[in-house]
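Listed here are the chains, written in short residue letters.
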Amino acid sequence: MNTISVTVEQADQAFMLVEWLKNIRFVQNVTIDINKPGGGNVEAVQKALDAMRSKNIFSDIIDPVDYQRRIRDEWS
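Values in this document were obtained by computation on a predicted structure and should not be read as measured data.

S.K.: Could you clarify how one ought to interpret the overall build of the chain in this entry?
M.R.: Looking only at helices and strands, the chain has three helices and zero strands in total. Reading the chain from its N terminus to its C terminus gives the helix and strand order α-α-α. Against the compact-globule benchmark of 11 Å for 76 residues, the chain has a radius of gyration of 23 Å, which places it well outside the compact range. Projected onto its principal axes, the C-alpha positions of the chain cover 60 × 30 × 20 Å. Within the chain, the fraction of its 76 residues that count as buried is 3%. About 7800 Å² of surface is accessible on the chain, with carbon and sulfur atoms providing 53% of the total. The averaged location of the 11 negative side-chain charges in the chain is 4 Å from the averaged location of its 9 positive side-chain charges.

S.K.: Is there a simple way to think about the pattern of salt bridges in this case?
M.R.: Pairing between side chains of opposite charge can happen when their charged atoms approach one another. Scanning all chains against the criterion turns up two salt bridges. Across the pair Lys22 and Glu19 runs a salt bridge whose closest N-O atoms are separated by 3.7 Å. Residue Lys22 and its partner Glu19 are both found in helix α1 (residues 11–22); the two are separated by three residues, about one turn of the helix. We classify Glu19 as partly exposed; its relative accessible area is 46%. Among the ionic pairs, Arg70 bridges to Asp66, the shortest N-O distance being 3.2 Å. One end of the pair, Arg70, and the other, Asp66, are both in helix α3 (residues 64–72), four residues apart, so they sit about a helical turn from each other. Judged by relative accessible area, which is 29%, Asp66 ranks as partly exposed.

S.K.: Would you mind showing me how to read the environment of Arg70 here?
M.R.: The exposure class assigned to Arg70 is exposed, which follows from its relative accessible area of 52%. Along the sequence, Arg70 and Glu19 sit 51 residues apart, while their C-alpha atoms lie 54 Å from each other.

S.K.: Help me understand the environment of Lys22 in this model?
M.R.: According to the relative accessible area criterion, Lys22 is partly exposed, its value standing at 47%. For the pair Lys22 and Val6, spaced 16 residues apart in sequence, the C-alpha separation works out to 14 Å.

S.K.: Can you help me understand a nonpolar patch on the surface in this one?
M.R.: On the surface, a nonpolar cluster with roughly 450 Å² of combined accessible area is contributed by Val45, Leu49, Met52, Ile57 and Phe58. Relative to the assigned elements, Ile57 resides in the loop between α2 (42–55) and α3. Residue classification places Ile57 among the partly exposed residues on the basis of a relative accessible area of 43%.

S.K.: Before we go on, may I ask you to explain the confidence of the model for the chain in this structure?
M.R.: Here the chain shows a mean pLDDT of 84. Residues at 70 or above account for 93%. The weakest mean pLDDT in the chain belongs to α2 at 82; the strongest belongs to α3 at 89.

S.K.: How should I be thinking about α2 in this particular structure?
M.R.: An α-helical segment advances 3.6 residues per turn. Residues three or four places apart therefore align on the same side. Its 14 residues give α2 an end-to-end C-alpha distance of 20 Å, which sits within 8% of 20 Å, the value for a rise of 1.5 Å per residue. Asn56 lies just past α2 and shows a positive phi near 50 degrees.

What counts, and where the lines are drawn
- Each chain carries its own residue numbering, running from 1 in the direction its sequence is written.
- In keeping with the model being predicted, local features are shown solely for residues with a pLDDT of at least 70 and side-chain atom pairs are shown and tallied solely at 80 or more, while totals for entire chains, interfaces and linings include all residues.
- As a convention, hydrogens and water are excluded, and side-chain values are obtained from all of the structure's heavy atoms.
- Numbering of helices and strands runs from the N terminus, with a helix taken as a DSSP run of H or I at least four residues long and a strand as a DSSP run of E at least two residues long.
- Here the globule rule reads 2.2 Å times residues to the power 0.38, and the radius of gyration is calculated from C-alpha atoms.
- Relative accessibility thresholds used throughout: buried, under 20% of the residue-type maximum; exposed, over 50%; partly exposed, between the two (1.4 Å probe, protein chains only).
- What sets the accessible areas is the Shrake-Rupley method with a 1.4 Å probe; for residues, cover comes only from the shown protein chains.
- The positive count covers Lys and Arg only, the negative count covers Asp and Glu only, and His and the chain ends enter neither.
- To locate a charge, the coordinates of NZ of Lys, CZ of Arg, CG of Asp or CD of Glu are taken.
- A pair is scored as a salt bridge if a Lys or Arg side-chain nitrogen falls within 4 Å of a carboxyl oxygen belonging to Asp or Glu.
- The residues that make up patches have over 30% relative accessible area and no salt bridge, and they are joined within 9 Å when like-charged or within 5 Å when they are Val, Leu, Ile, Met, Phe, Trp or Tyr.
- Each residue carries a pLDDT value, the predictor's own confidence for that position, ranging from 0 to 100.
- Expected helix span is taken as 1.5 Å per residue step, with the number of steps being one fewer than the number of residues.

The following block contains the structure:
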């Protein structure tokens, strides 16, 4: 037997997916865990992005096009 784990954001999506899977003839068992904490790092990434936004790290860039051209120029 093989097991597949699927994570969705909202409970209604999970219930809809469970009902769909139950109708497939070779699916033997479907279980659902609602409100189980996710194993991803979405919160950590969002926290890092918020911290970067509050520090205005690119505020000294006057011309963004020129800035990108300078950092992409491999031959200088």
